Amino acid sequence: MTYEGSSIDPSRPSIARVYDYLLGGKDNYAVDREIGDVFKRDLPGSVAIAFANRAALTRAVGEIVRTTDIRQFIDLGSGLPTADNVHQVAQRHDPDTRVVYVDIDPQVLVHGRALLEKDDRTRVVAVDVRDPEAIRTHPDTRDMIDFTRPVAVVFSAILHHVNDDEDPAGIVRYWRESVPSGSYFFVSHFRSGNNPETQEAEKVLQQTFGRGRWRTDAEIASLLDGLEILDPGIVPAPLWRPDQTETPWNNSGERQLTVWEHLIAAALARKP
């Protein structure tokens, strides 16, 4: 991970920039494209993971704003701005929704702040996801988020970059204990498939960034201990409350997934 205060290094790959490249973005360097091309070339179909994850996040944010009174979000490990960022999706439903983005990748910070400088309902906080206390007490977070009211906490494709010895469950627990009843948690996470595709993708991630932990559905559920996991539970991201106009669907009305789409899970949970 890159820490606040460090400069952008085009010679070292960035998780955020590789993800940007896989989504078709342009905020990346040759070293990021080299890693992304490993997935495209050697693991054909893996790009679907990035798109499935982004689509599930978009649906979840819209669902939260449409069906609850929550109008404040904390997006942890937000990555580079792309189409349909959390604040854009939420503010389409209610322009007064406030969003705090959290990341420490220097390029994310530069682009995020440039994008959001004219939006007085958003902030970009440069604090490590593994330091939740520093995030919660940051002046920008305190300025934007009222912790006496329910909050939506977003862990989109970030917890699988937190190793077991860094206590990902403790990070989620901190936020669960810091927000009031009625708060929502969205989590998407690389999902163990016990197949060659999972093993090879995990190997590439670990060799490139020195971290990355695929987890089973049971392990993902344990991260959400103390929260009520809402329907349809922990499922492959394309199956999380899908848009029924999407294809392909079979004659029974079931979405047909590729092996890659099974490797990213999504879930929405509520604090009782």
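Residues numbered from 1 in each chain as written. Predicted model: local features only at pLDDT ≥ 70, side-chain atom pairs only at ≥ 80, totals over all residues. Heavy atoms only, no water.

Asker: Would you mind showing me how to read the overall build of the protein chain here?
Answerer: Within the protein chain, the secondary structure is distributed over ten helices and eight strands. Expressed as a percentage of its 272 residues, the buried residues of the protein chain come to 54%. Partitioning the intrachain contacts of the protein chain with sequence separation of at least 6 by distance along the chain shows that 71% fall at a separation of at least 24. Total accessible area on the protein chain stands at roughly 12100 Å², and carbon and sulfur atoms take up 48% of it. (Helix = DSSP H or I, 4+ residues; strand = E, 2+ residues; numbered from the N terminus. Buried < 20%, exposed > 50% of the residue type's maximum accessible area, 1.4 Å probe, protein only. Contact = heavy atoms within 4.5 Å. Areas by Shrake-Rupley, 256 points an atom, 1.4 Å probe, with all protein chains shown as cover.)

Asker: Can you help me understand helix α2 (residues 30–42) in this one?
Answerer: In an α-helix, one full turn covers 3.6 residues, which means residues spaced three or four apart are oriented alike. The first and last C-alpha atoms of α2 sit 18 Å apart over 13 residues, in line with the 18 Å expected at 1.5 Å per residue. All of the buried residues in α2 are V31, D32, I35, G36, V38 and F39. (Expected span 1.5 Å × (residues − 1).)

Asker: Got a minute to help me understand the pairing of strand β4 (residues 152–156) in this structure?
Answerer: Regular strands have side chains that alternate between both faces of the sheet. Within β4, five of the five residues are buried, which leaves the element mostly enclosed by the surrounding structure. As paired elements, β4 and strand β5 (residues 184–190) share five bridges and run parallel to each other. Across the sheet, V154 pairs through a bridge with F186, a residue of β5. Handedness of the β4-helix α8 (residues 168–178)-β5 crossover: right-handed. (Pairing = 2+ DSSP bridges. Right-handed = clockwise from strand over helix to strand, strands pointing away.)

Asker: Whenever I open this one, the side chain of Q72 confuses me. Can you help?
Answerer: Inspection of the secondary structure assignment puts Q72 in strand β1 (residues 72–76). Separated by 3.2 Å, the side chain of Q72 and the backbone oxygen of R149 make a polar contact. Sequence-distant contacts of Q72, that is, excluding residues within four places in its chain, are made with T97, R98, M144, I145, D146, R149, P150, V151 and A152. (Polar contact = N/O pair within 3.5 Å; in protein donor to acceptor, adjacent residues only side chain to side chain.)

Asker: Where do I start with the nonpolar core in this structure?
Answerer: As a rule of thumb, nonpolar side chains are buried together in soluble globular proteins. Formed by 41 residues in total, the largest nonpolar core has its most connected members in V61, I64, F73, V86, F186 and L268. Considering every element that reaches this core, the biggest residue donor is helix α3 (residues 47–67), with ten residues. Look past the residues within four positions of I64 in its chain and what remains in contact with it is I70, R71, F73, A152, Y184 and L268. Of all hydrophobic cores here, the second largest spans 31 residues; its members include V125, V127, W175 and A267. (Core = buried A, V, L, I, M, F, W, Y, C linked by side-chain atoms within 4.5 Å.)

Asker: I keep staring at the confidence of the model for the protein chain and nothing clicks. Help me out?
Answerer: Low-confidence regions, as indicated by low pLDDT, have predicted coordinates that should not be scrutinised in detail. Averaged over all residues, the pLDDT of the protein chain equals 84, while 83% of them reach at least 70. When the criterion is pLDDT under 50, residues 1–6 qualifies, and its contacts beyond four places in sequence or with other chains add up to 14 contacts. Taken as a whole, residues 247–251 scores under 50 in pLDDT and shows ten contacts with residues more than four places along the chain or in a different chain. (pLDDT = per-residue confidence, 0-100.)

Asker: Explain the packing of aromatic side chains to me, please; I cannot follow it from the model alone.
Answerer: Any two aromatic rings considered together are summarised by their centre-to-centre distance and by the angle between their planes. A complete count under the given rule lists three aromatic pairs for this structure. Ring centres 5.6 Å apart and planes at 85° place the aromatic pair Y174 and W175 in the edge-to-face group. With respect to burial, Y174 and W175 carry one shared label: buried. Seen in terms of ring centroids, F190 and W214 are 4.3 Å apart; in terms of plane orientation they differ by 20°. Their pairing is stacked. Of this pair, F190 sits in strand β5 while W214 is found in the loop between α9 (196–209) and α10 (217–223), placing the two residues 24 residues apart along the sequence. Neither F190 nor W214 differs from the other in exposure class; each is buried. (Phe/Tyr/Trp six-rings, centres within 6.5 Å; stacked < 30°, edge-to-face > 60°.)

Asker: How do you make sense of the pattern of salt bridges when you look at a structure like this?
Answerer: As a working rule, side chains carrying opposite charge can pair if their charged atoms are close by. Per the counting criterion, the structure on display carries 16 salt bridges. Here R173 ties to D167 by a salt bridge, and the two come within 3.9 Å at their closest N and O atoms. Look at D167 and you get partly exposed, because its relative accessible area is 39%. (Salt bridge = Lys/Arg side-chain N within 4 Å of Asp/Glu carboxyl O.)

Asker: What should I look at first to understand the environment of V61 in this one?
Answerer: Note on placement: V61 falls in helix α3. Looking at V61, the relative accessible area reads 2%, which means it is buried. Measuring from C-alpha to C-alpha, the distance between V61 and V89 comes to 6.7 Å, with 28 residues separating the pair along the chain. In this structure V61 touches F73, V86, V89 and A90, once residues within four positions along its chain are discounted.

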